[in-house]
Amino acid sequence: MKNILKMMNSRKITFIGMLFLLILIVLGLFAPLLAPYDPYEMMHEERLQSMNSLHFFGTDNFGRDIFSRIIYGARTSLIASAGVVIFSMVAGVCIGLFAGFYKRLDAVLMRIIDVMMAFPSLLLALVLVSILGRGMLNVILAVGVTYLTRTTRIVYGLTLKLKEEVFVDAFRAAGASNMRLIFKHILPNLISPVIVQATFTFAFSLLDMASLDFLGLGLPPEIPSWGSMLSEGALYLSRAPWLLIFPGLFIVLTVLSFNIVGDTLRDQMDPRFRHDIQGV
Amino acid sequence: MIGSKKALLIVLAVIMAAVFTSTVFAGGEQEEAAVVAEAPVKVMRYATIAEPPSLDQQVITSDQGTTIAQHVFEGLYTFNSKYDPVPMLVESEDISADGKVITLSLRKGVKFHNGKEMTSADVVASMDRWGEYGSRGSVLYNHVVGVTAESDYVVKMVLNDVFAPWKALLAFINGGPVIYPAEIVAAATKEPIAETDYIGTGPYRFVERNPGRHILLAKFDDYAARSEASDGYAGKREAIFDEIYFIPVPDVGTRVNGVKAGDYDYASQISGDLYEMLEDDSSITTLVNEGVIMPMMFFNSNDGIFKGNYKLRQALLACLDMDAALATAVGPESLWSANGAMMPENTSWYTKAGTDLYNIKDAAKAKAIADEAGYNGEKITFMVSSAYKIHNDIGIVFAKLMKDAGFNVDLQVYDWATLISKRGDASQWDIFFTHHGFVPDPILYSYMSDAYPGWWATDEKHEMADAFTTTIDPEKRRKVWTETQELIFEQMPIVKIGDVYNFDVHTPNLKGFGSTQLIWPKFWGCDLK
Amino acid sequence: MIPSLLMVSIVVFLFIHLIPGDPAQIMLGDLATPEQVEQLRVEMGLDQPVAVQYGKWLKNLLSGDMGTSIFFHQPVGSVILSRAETSILLSLMTLFIIVVIGIPVGYLSSTRYGTRTDQVVSGLSMTFASIPTFWLGLNLMTIFAVKLHIFPTSGFPSIVDGGSIANLVYLILPSITLAAPNSALIIRLTRASMLDVLKEDYVRTARAKGLAEHLVNIKHVFRNSLNAVASALGFTFAALVSGTVVTETVFSLPGIGRLVVDSILRRDYPVLQGIILVIALIYMLINLLVDISYVMLDPRIQHGTGSTK
């Protein structure tokens with residue numbers, strides 16, 4: 001706790017990032033209380049209005065209040081993207097670690113990953129929807145598979161390298177089990193590229209999911225999410241740019257905040273890092 | 001060491017910059033050189049929204065395909081600017097007193113792109129293939145006893161009964177009977193004719209199809225034009241451009257930008273919401289397409305909650321706000337009209353008969369009728385495709401209006417392939433959404449066919465349809481159509497949302513169009529000045 | 001590699017027959033009756049059991065025939081080849097920009113860890129990562145093609161097919177569009193990996209030995225940090241080659257990405273089977289190259305031999 005407070009003091013920008021994420025969570029949780037309008041309500045007389053005192057962020061082509069849709073969209077977007085990130089990171093890290101560490105698993109696991117990489121997520125989504133029906137789970141799986149394979153590749157490469165490091169040999173000599181070596185000694189050393197990959201997965205997946213929503217393979221089209229607001233707004237790029245600007249801005253700010261907070265957390269968690277590097 | 005690394009970087013950057021600038025300049029020189037060397041070749045570049053599956057008009061009804069194919073292929077009849085059928089490859093017609101024997105004299109000296117002259121054998125073979133396998137062929141051939149060659153230039157068509165719309169069907173090139181050489185078409189079946197066999201009589205011949213890049217047509221030097229002045233698709237067809245490129249450019253923003261930048265001369269299907277902005281833009285000319293697009297909702301008559309329940313369908317119509325739906329999906333009011341009548345206002349078929357419940361936007365009335373119809377909140381599956389923005393947007397607006405009026409609607413959005421596959425199975429849906437294009441005769445509407453999903457096939461309908469096709473007198477036919485429309489609003493196989501018009505853009509230098517564009521833009525008689 | 005490809009082909013075959021939709025129906029359009037569709041299905045051999053269709057396909061494939069596209073009525077091989085040119089050239093140009101920008105900037109950012117430069121680079125790269133490609137692409141087009149007339153707006157005339165090398169100019173804006181988010185990833189990965197290695201013992205040892213700071217960075221840290229970057233460059237390049245549908249759509253490029261998506265939407269089974277097989281092959285080859293690069297970057301890694309120590 002003391003550490004966190006100290007960190008906030010030392011880095012204002014981190015504080016701002018955390019504040020923004022906190023606001024988003026509050027917005028998502030209390031959307032019905034905070035949104036000025038029903039996000040589904042279509043005020044047909046007020047379609048495509050630009051920013052004004054009644055509609056802070058303007059209205060879309062259905063005459064729906066964009067500000068309210070952004071607030072409701074926070075919920076869908078954060079849950080779905082977090083789902084993709086968690087799914088692809090957990091599975092990707094585990095597969096990558098085992099494949100990199102155990103030569104025997106390598107051949108099988110990495111060839112399966114190769115095969116998975118080649119499948120377009122649109123095809124996966126079509127298949128998943130025809131088997132499971134429509135829903136958030138499909139979207140997370142269909143989009144997540146792409147990023148799972150990518151995380152796996154990164155973790156696998158690093159594991160191959162790390163397991164040859166002197167310190168791993170030392171721990172092995174000291175009698176550490178394989179599991180202990182993998183999760184206690186190798187994993188912490190590859191966490192920073194994984195965090196980078198996680199941040200990008202978050203950013204990229206928001207838009208990937210929107211394209212599935214649009215084909216009816218994701219969430220129902222009227223449900224607000226930042227990604228679909230953005231891709232539906234694409235047609236209005238020159239006529240009504242606010243349809244793009246606000247969801248776009250929220251995506252950028254969220255990704256930036258995640259990135260800043262992720263960076264700081266990692267630095268704080270690794271004592272060696274803090275003492276050593278800051279002197280560089 | 002550092003120095004050398006940095007130096008390497010700088011060198012790389014310089015090389016990169018050099019490559020880019022050199023390609024830019026080389027590109028410029030290249031273009032200029034090309035213009036100088038090939039100055040006599042007049043080229044037109046048309047940015048289309050998508051690629052057609054095939055140019056074989058007999059079996060394919062894609063509008064993109066028709067736009068291109070009508071330059072290559074011709075039919076016996078075509079439409080003038082009023083969309084009346086007039087002779088094209090036919091010289092004159094002779095109809096027997098009972099209206100059942102039609103004798104067509106063909107024009108002489110009409111050459112196919114392979115150099116052969118067109119004769120009655122080609123016409124008979126083309127008609128027969130269309131009649132058996134064509135998309136719209138069976139509509140006519142259900143009434144045809146036989147088509148035979150009387151002599152080299154005379155063809156006789158015998159009908160089993162009077163069939164009023166025969167000429168309109170022969171003139172309707174989309175899914176229509178275009179004339180191929182007999183040796184090509186005789187072997188053809190349901191499978192589209194191969195592109196090596198794209199041999200027609202039109203002012204342009206097919207050169208090549210480069211998937212994803214373009215379809216290229218070139219001027220046909222031996223084209224035999226009609227002598228009458230050009231009028232719509234009819235009359236003299238004069239190829240001024242030597243080459244026409246049809247280039248698929250899927251993104252609407254890119255089509256507009258491409259015309260502005262001079263990379264394309266013509267671009268079709270621009271989003272309605274851009275209309276007002278582009279009208280004010282002097283670097284671009286807008287042209288409204290007169291081919292009406294009619295978004296429609298189809299009810300399932302074979303299964304589910306709407307089977308036999310006409311009242312419930314009417315209840316649903318009562319809550320719909322067509323103005324809101326069309327404004328959302330299309331944009332400016334100049335591009336749509338909330339017309340519930342089955343035919344557009346500028347046609348002689350237009351009538352307001354039966355349209356009392358259309359666009360009344362009355363949720364309370366909808367509830368009342370639904371109660372009367374015995375509706376108890378059963379789920380209504382509403383299928384919409386994401387392939388078209390108007391389907392998707394109107395679907396979303398309607399689903400909301402229906403929910404607000406107390407209907408338990410489940411809006412299902414699918415890609416087009418899934419939708420047309422699901423709608424074939426009556427147990428899967430209650431309503432689906434699609435649109436219908438222009439028809440020269442109301443009998444050609446998809447819902448007039450019993451086999452079209454929705455499966456409207458009541459005795460009352462059959463009675464009307466028979467009366468309609470066997471009447472020749474235009475005044476009597478209009479009367480029958482008025483009654484048919486009343487029946488449509490009573491039994492409600494479909495709900496028509498309104499009339500929607502697309503618009504196209506082109507560079508101001510491109511001349512040769514009227515004040516509005518024909519349904520399928522044609523480029524004979526056009527020139528860049 | 002052969003078993004993997006076989007697996008891919010079987011899974012694709014099963015997948016595309018699992019999803020609803022029928023190429024015959026799509027080709028004939030809205031008005032076709034069920035009888036007409038059935039007739040065409042029989043003509044195309046789609047009425048046969050999936051296993052039989054697969055057997056036929058595999059047999060033809062082994063004799064070098066990938067079948068005929070249902071939509072284009074052209075051999076699948078030539079349909080794919082005509083698209084491959086765009087995708088390969090575009091990917092190479094994009095990869096070049098990514099490497100030239102991503103690695104040096106990431107390196108700079110890590111050596112200036114915590115400074116203003118580092119923060120600006122971080123901010124910018126994350127912003128580029130979250131900007132949608134269609135937005136960036138259309139804006140670049142409006143500025144550089146429509147207003148300044150420096151580049152063409154869209155399309156890509158073939159170079160191989162008798163075109164000039166100058167046609168590469170058509171790919172400049174698209175490659176910049178694609179490079180933006182992907183360079184951001186490489187910048188961040190380079191930086192993170194550099195920082196990771198910087199903290200390791202041998203850097204301290206090297207520094208203790210009195211080596212100049214920059215020399216330490218370059219010789220040890222940089223080389224050691226490239227492992228994750230190599231992985232990322234590998235999958236990024238493979239993803240670029242196998243298609244970038246949004247950029248291809250915006251710039252109207254005849255690339256692999258649009259072909260994949262269009263073939264899925266059109267249910268053009270033969271093209272889809274062929275193209276996914278080719279994409280799988282590309283992924284395998286690139287991943288193999290990446291695996292080799294691990295060994296080159298760190299000779300202690302012995303790839304493909306023995307089991308765990």
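In this text, all values refer to a predicted model and were calculated from it rather than measured experimentally.

**Focus: the overall build of chain B**
The number of helices and strands found in chain B is 15 helices and 20 strands. Against the compact-globule benchmark of 24 Å for 529 residues, chain B has a radius of gyration of 26 Å, which places it among compact chains. With the C-alpha coordinates aligned to their principal axes, the bounding extent of chain B is approximately 85 × 75 × 40 Å. Expressed as a percentage of its 529 residues, the buried residues of chain B come to 59%. Across chain B, contacts joining residues at least 24 apart in sequence account for 72% of those joining residues at least 6 apart. Carbon together with sulfur atoms contributes 51% to the accessible area of chain B, which is approximately 19,300 Å² in total.

**As for the overall build of chain C**
On a plain count of helices and strands, chain C comes out with 13 helices and zero strands. Reading chain C from its N terminus to its C terminus gives the helix and strand order α-α-α-α-α-α-α-α-α-α-α-α-α. If you line up chain C on its principal axes, its C-alpha atoms span 85 × 60 × 35 Å. Here chain C, with 309 residues, has 59% of them falling under the buried criterion. Placing the 20 positive and 19 negative side-chain charges of chain C at their respective mean positions leaves the two points 16 Å apart.

**Structural notes on the nonpolar core**
Judged by nonpolar contacts, the single largest core of 169 residues is most densely connected at Leu76(B), Phe398(B), Met402(B), Phe407(B) and Tyr447(B). With nine residues, the single largest contributor to this core is strand 12 (residues 285–299) of chain B. Looking at this core, you find at least three residues from each of domain 1 (50–248) and domain 2 (294–500) of chain B. With residues near it in sequence (within four places) discarded, Tyr447(B) still touches Met296(B), Phe298(B), Met342(B), Trp456(B), Lys461(B), Trp481(B), Ile488(B) and Ile494(B). In terms of nonpolar packing, the next biggest core, distinct from the first, is built from 166 residues, Val196(A), Ile16(C), Ile131(C) and Ile279(C) among them.

**What to know about the interface of chain C and chain A**
Of the residues lining the interface, 69 residues belong to chain C; the matching set on chain A comes to 64 residues. Interface of chain C and chain A: buried area, both sides summed, is about 6,100 Å²; carbon and sulfur atoms make up 67% of it. If you look at where chain C meets chain A, you find two salt bridges. Among the salt bridges present, the one from Asp291(C) reaches Arg153(A), with a minimum N-O distance of 2.7 Å. Joining chain C to chain A, the criterion identifies nine residue pairs in polar contact (both at pLDDT 80 or more). Elements with a contribution of two residues or more to the side of chain C that touches chain A: helix 1 (2–18), helix 6 (116–130), helix 7 (133–147), helix 8 (172–198), helix 9 (201–208), helix 10 (213–241), helix 12 (256–266) and helix 13 (269–297) of chain C. The dominant element in the side of chain C that touches chain A, judged by the number of residues it contributes, is helix 8 of chain C, at 11 residues. Looking at side-chain class alone, the side of chain C that touches chain A contains 39 nonpolar, 17 polar and 13 charged residues.

**Considering the interface of chain A and chain B**
The interface is formed by 20 residues belonging to chain A together with 25 residues belonging to chain B. Carbon and sulfur atoms make up 59% of the surface buried where chain A meets chain B, a total of about 1,900 Å² over both sides. Applying the counting rule to chain A against chain B returns one salt bridge. Across the pair Asp273(B) and Arg47(A) runs a salt bridge whose closest N-O atoms are separated by 3.7 Å. For the side of chain A that touches chain B, a count of residues per class yields 10 nonpolar, four polar and six charged.

**Looking at the sheet that holds strand 5 (residues 101–106) of chain B**
All names here are of chain B. Across the sheet, four strands lie side by side as 4-5-7-6; this open sheet has antiparallel pairing. At either end of the open sheet lies a strand with only one pairing partner, and these are strand 4 (90–95) and strand 6 (144–151). Between one strand axis and the next, the sheet turns through 20° on average, direction left out of account. The pairing of strand 4 with strand 5 spans five bridges and is antiparallel. Across the sheet, Ser92 pairs through a bridge with Ser105, a residue of strand 5.

**Re the domain arrangement of chain B**
Residue and element names in this part refer to chain B. As far as domains go, chain B holds domain 1 (50–248) and domain 2 (294–500). Listed as interface residues are 12 residues of domain 1 and, on the opposing side, 10 residues of domain 2. Together, Val162, Ala164 and Phe172 form the three largest contributors to the area buried by domain 1 at its contact with domain 2, with a combined 40%. Counting every contact that joins domain 1 to domain 2 gives zero salt bridges. Applying the counting criterion to the domain 1 and domain 2 interface returns one residue pair in polar contact (both at pLDDT 80 or more). Taken together, the residues that form the side of domain 1 that touches domain 2 break down as 10 nonpolar, no polar and two charged.

**Some words on the domain arrangement of chain C**
All names here are of chain C. According to the domain assignment, chain C contains domain 1 (2–62) and domain 2 (77–297). The C-alpha-based centres of domain 1 and domain 2 are spaced at 35 Å. Of the roughly 1,300 Å² buried where domain 1 meets domain 2, counting both sides, 78% is carbon and sulfur surface. Remark: the boundary between domain 1 and domain 2 carries zero salt bridges.

**Quick word on a nonpolar patch on the surface**
All names here are of chain A. A cluster of nonpolar residues, Phe15, Ile16, Leu19, Leu22, Ile23, Ile25, Val26, Leu29, Phe30, Leu33 and Leu34, forms a patch on the protein surface that exposes about 1,100 Å² of accessible area. Taken together, the elements giving at least two residues each to the nonpolar patch come down to helix 2 (12–29) and helix 3 (31–34). For the nonpolar patch, the element with the most residues is helix 2, which contributes eight residues. Its location among the elements puts Leu29 in helix 2.

**Remarks on the pairing of strand 9 (residues 214–219) of chain B**
Residues and elements named next belong to chain B. Burial runs high along strand 9: five of the six residues are buried. Where strand 8 (residues 204–210) meets strand 9, six bridges bridge the pair, whose relative direction is antiparallel. When the bridges of strand 9 are listed, Tyr204 appears paired with Lys219. The pairing of strand 9 with strand 10 (residues 243–248) spans four bridges and is antiparallel. Looking across to strand 10, one finds that Ile215 is bridged to Phe246.

**Let's talk about the pattern of salt bridges**
A pair can form between side chains of opposite charge whenever their charged atoms are brought close. Following the criterion strictly, the structure yields 37 salt bridges over all chains and no others. Its salt-bridge partner being Lys361(B), residue Asp323(B) comes within 2.7 Å of it at the nearest N-O pair. Highlighted residues: Asp323(B) in helix 10 (residues 322–329) and Lys361(B) in the loop between strand 13 (336–337) and helix 11 (363–372), separated in sequence by 38 residues. For Asp323(B), a relative accessible area of 25% corresponds to the partly exposed category. Given a relative accessible area of 40%, Lys361(B) falls into the partly exposed group. Shared partners join several salt bridges into a network, and the residues in it are Lys161(A), Glu165(A), Asp298(C) and Arg300(C).

**Some remarks on the environment of Pro188(A)**
Residue and element names in this part refer to chain A. Tracing the chain through its elements places Pro188 in the loop between helix 9 (178–186) and helix 10 (191–214). Classification of Pro188 as partly exposed rests on a relative accessible area of 42%. Residues Pro188 and Lys12, 176 residues apart in the sequence, show an inter-C-alpha distance of 27 Å.

**Considering the confidence of the model for chain C**
Residues and elements named next belong to chain C. When pLDDT is averaged across chain C, the result is 87; 91% of the residues are at 70 or more. The lowest-confidence element of chain C is helix 9, averaging 66 in pLDDT; the highest-confidence one is helix 5 (residues 76–111), averaging 94. Scored below 50 in pLDDT, residues 304–309 shows 11 contacts in the model against residues more than four places distant or in partner chains. Scoring of the predicted complex yields 0.89 for pTM and 0.88 for ipTM.

**Describing the packing of aromatic side chains**
According to the stated counting rule, one finds 49 aromatic pairs over all chains in the structure shown. Each ring, one from Trp130(B) and one from Tyr141(B), has its centre 6.3 Å from the other, and the planes form 90°; the classification is edge-to-face. Separated by 11 residues along the polypeptide, Trp130(B) in helix 3 (residues 120–133) and Tyr141(B) in helix 4 (residues 137–141) bring together distant segments of the chain. For the residue pair Trp130(B) and Tyr141(B), the accessibility class agrees, reading buried in each case. Taking the centre distance of 5.9 Å and the plane angle of 35° together, the rings of Tyr54(C) and Trp57(C) count as tilted. Here the residue Tyr54(C) and the residue Trp57(C) both occupy positions in helix 4 (residues 50–62), the gap between them amounting to three residues, near one helical turn. Judged on exposure class, the residue Tyr54(C) and its partner Trp57(C) are both buried. A network of ring pairs unites the aromatic residues Phe20(A), Phe56(A), Phe57(A), Phe67(A), Trp226(A), Phe246(A) and Phe250(A) as a single cluster. Sitting over the face of the ring of Phe468(B), Arg477(B) holds its NZ or CZ atom 4.2 Å from the ring centroid. Taking NZ or CZ as reference, Arg266(C) lies 3.7 Å from the ring centre of Phe71(C), over its face.

Calculation criteria
- Every chain is numbered on its own, with residues counted from 1 as its sequence reads.
- Chain letters start at A and ligand numbers start at 1, both assigned in the order the entries are written.
- Since the coordinates come from a predicted model, pLDDT governs what is reported: local features require at least 70, and pairs of side-chain atoms require 80 or more to be given and counted, while whole-chain, interface and lining totals use all residues.
- Calculated side-chain values reflect all of the structure's heavy atoms, with hydrogen atoms and water omitted.
- The helix and strand labels rest on DSSP assignments: H or I over at least four residues marks a helix, E over at least two residues marks a strand, and numbering proceeds from the N terminus.
- This radius of gyration counts C-alpha atoms alone. The globule rule is 2.2 Å times how many residues there are, raised to the power 0.38.
- Categorising residues by exposure relies on relative accessible area from a 1.4 Å probe, with only protein chains included: less than 20% of the type maximum marks a residue as buried, more than 50% marks it as exposed, and the intermediate range marks it as partly exposed.
- The contact rule is simple, with two residues in contact once any of their heavy atoms fall within 4.5 Å.
- Note that accessible areas follow from Shrake-Rupley with a 1.4 Å probe, and for residues the cover is restricted to the protein chains shown.
- Here Asp and Glu are counted as negative and Lys and Arg as positive; His is not counted, and neither are the chain ends.
- A charge is said to be at NZ when it belongs to Lys, at CZ for Arg, at CG for Asp and at CD for Glu.
- What makes a nonpolar core is a set of buried Ala, Val, Leu, Ile, Met, Phe, Trp, Tyr and Cys residues whose side-chain atoms join them at distances within 4.5 Å.
- Domain limits in this description derive from either an automatic procedure or a database domain assignment.
- Throughout, buried area stands for the accessible area (probe radius 1.4 Å) lost by two parts on being put together, summed over both.
- Whenever a carboxyl oxygen of Asp or Glu lies within 4 Å of a side-chain nitrogen of Lys or Arg, that contact is scored as a salt bridge.
- Two N or O atoms count as a polar contact when they lie within 3.5 Å, although within protein this holds only if one can serve as hydrogen donor and the other as acceptor, and sequence-adjacent residues are included solely when both atoms are side-chain atoms.
- Residues are grouped as follows: Ala, Val, Leu, Ile, Met, Phe, Trp, Tyr, Cys and Pro are nonpolar; Asp, Glu, Lys and Arg are charged; all remaining types, including Gly, are polar.
- The criterion for strand pairing is that DSSP finds at least two bridges linking the strands in question.
- Note on geometry: axes are lines fitted to C-alpha atoms, helical ones only across the stretch in contact, with angles between N-to-C directions running from 0 to 180 degrees.
- Nonpolar side chains (Val, Leu, Ile, Met, Phe, Trp, Tyr) are joined into patches within 5 Å and like charges within 9 Å, using only residues with over 30% relative accessible area and no salt bridge.
- Every residue gets a pLDDT, meaning the predictor's confidence in that residue, from 0 to 100.
- Ring geometry is summarised as follows: Phe, Tyr and Trp rings, the Trp one being its six-membered ring, pair when their centres sit within 6.5 Å, and such pairs are stacked at plane angles under 30 degrees, edge-to-face over 60 and tilted between the two.
- Two conditions define a charge located above a ring, namely a distance within 6 Å from the ring centre to NZ of Lys or CZ of Arg, and an angle within 35 degrees of the ring normal.

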